Amino acid sequence: MRLNAFPLLIACLALTACQDQAGLVQSTSRDEIRIVGSSTVFPYAKAVADQFAQTGRNPSPILESTGTGGGIQLFCSGIGASFPDIVNASRRMKASELKRCKEKGVEDVVEIQVGIDGVALAQSREGADLNVNLPQIYQAIAAQPYGKPNGSALWSDVAAELPETRLYIYGPPKTSGTRESLTDLMMEPGCLQNPAMQALKESDEERVNEICTDVRTDGVYVETGENDNLIIQKLISNPGSIGIFGYGYLEKNLDKVRGVKVNGVDPTYDTISSGEYPGARPLYIYVKKRHIDIINGLDEYIMEFLTAGTRTGYLSEEGMIAMPDPLRQVMIERLRTLPPLSIEALE
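What you see is a predicted model; the values in this text were computed from it and never measured.

Criteria and cut-off values
- Residues numbered from 1 in each chain as written.
- Predicted model: local features only at pLDDT ≥ 70, side-chain atom pairs only at ≥ 80, totals over all residues.
- Heavy atoms only, no water.
- Helix = DSSP H or I, 4+ residues; strand = E, 2+ residues; numbered from the N terminus.
- Contact = heavy atoms within 4.5 Å.
- Polar contact = N/O pair within 3.5 Å; in protein donor to acceptor, adjacent residues only side chain to side chain.
- Axes fitted to C-alpha atoms, helices over the stretch in contact; angles between N-to-C directions.
- Parallel < 35°, antiparallel > 145°, perpendicular 65-115°, else oblique.
- Left-handed = near helix turned anticlockwise from the far one by under 90°.
- Buried < 20%, exposed > 50% of the residue type's maximum accessible area, 1.4 Å probe, protein only.
- Pairing = 2+ DSSP bridges.
- Right-handed = clockwise from strand over helix to strand, strands pointing away.
- Disulfide = S-S within 2.5 Å.

Chemist: Tell me what's going on with the environment of Tyr277, and back it up with residues and numbers.
Modeler: Checked against the element boundaries, Tyr277 lands in the loop between helix H12 (269–274) and strand E13 (280–288). Along the chain, Tyr277 and Val119 lie 158 residues apart, while their C-alpha atoms are 9.3 Å from each other. Excluding anything up to four places from it in sequence, Tyr277 contacts Val119, Ala120, Leu121, Met186, Val262, Val265, Asp266, Pro267, Thr271 and Ile272. A polar contact of 2.9 Å, which involves the side chain of Tyr277, links it to the backbone oxygen of Val119.

Chemist: An account of the packing of helix H7 (residues 177–191) against helix H9 (residues 205–213) is requested, with residue identities and associated values reported.
Modeler: Put simply, H7 and H9 touch, their axes get as near as 8 Å, and they point 110 degrees apart. Comparing the axis directions of H7 and H9 gives the class roughly perpendicular. Like other packed secondary-structure pairs, H7 and H9 cross with a definite hand, here right-handed. On H9, the residues touching Thr183, Met187, Glu188 and Cys191 of H7 are Ile211, Cys212 and Thr213.

Chemist: Can you tell me about the pairing of strand E3 (residues 34–37), naming the residues and giving the values?
Modeler: Side-chain alternation along E3 places Arg34 and Val36 on one buried face and Ile35 and Gly37 on a second face that is also buried. Sheet topology places E3 next to strand E4 (residues 62–63); two bridges connect them, and they run parallel. Bridging from a neighbouring strand, Ile35 pairs with Leu63 of E4. In this fold, E3 hands off to helix H2 (residues 42–53), which returns the chain to E4; that crossover is right-handed.

Chemist: Describe the state of the cysteines, and please don't skip the residues or the numbers.
Modeler: Taken as a whole and judged by the stated rule, the model has two disulfides. The disulfide that involves Cys76 links it to Cys101, with 1.9 Å between the sulfurs. Disulfide Cys76-Cys101: torsion about the S-S bond near -70 degrees, hence left-handed. In this pair, Cys76 is assigned in the loop between helix H3 (68–75) and strand E5 (86–89) and Cys101 in helix H4 (residues 95–103), connecting sequence segments 25 residues apart. No difference in accessibility class separates Cys76 from Cys101, as the two residues are buried. Between Cys191 and Cys212 runs a disulfide, and the two sulfur atoms are separated by 2.0 Å. Since a negative S-S torsion denotes a left-handed disulfide, the Cys191-Cys212 link at about -60 degrees is left-handed. Here Cys191 is found in helix H7, whereas its partner Cys212 is found in helix H9, with 21 residues between them in sequence.

Below is the structure:
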């Protein structure tokens, strides 16, 4: 049953030959929900899509794992059947991205948090047991740790107490929300624990941002695209390496890999839920309000996502961490009222 009904349905029935405010005419229609975005959110969205399709009332949604940044770009390209209805995101949409949406006629974007995840560091169960802190993660990955070229080849080059194991790190590409969460939650905080970087930030914030977030390109950090399963395979074949991905992939592969302690804390459901683990982050979906009353079942799909994301829901079996129930109720109310996200809220 629909949560909302809008007069737009009369003018734009089934998105057939619908002309949006930017003057873009869509000459095709579709019945399936189309979803793009984060590889981290993908397995959760797929589980919800499979459950949603079992009702028999609607066809199975079409999902693409494009990365958060790439998905938002597709999502913001326009209104109509040729464009996605939902984008999954492992970090919050940027003000600049919402501005681009509006420029393309995507005026009313609704933001809904669906759960919590963690940026997990993982290694093969055959590798030397690691326990690293945020400055050490930063120094291992950064192109210019504290402003100097990165020459570290071994973990012991980063800190004498770490093993003499070759540095080899498989991680997400620039288009990934996980990459941005890595820089925001681990690299930048690790960098800014250095007093000189803190002082420089007062006079040259742009330079500090470059020093703190640029990732090395000398072969130590290897981008693995949006396929987190590939990182698992790489860790197994190279036990001395480290992988970086969403906690859900770690949870599903604990028979093959283990989490790396950060600040002495293992990445687990409870440590991420409590915020004790430093890589905890919210997970979002963004939906076009104008598509809600046009694509059959779109609101029902989102409601299924929210109800399946409790501690006892089936998404917990996929590795997603439940957000607090009061926040879930806020999101359910947001789905009913569909308040548009504002640029001011993102700045």
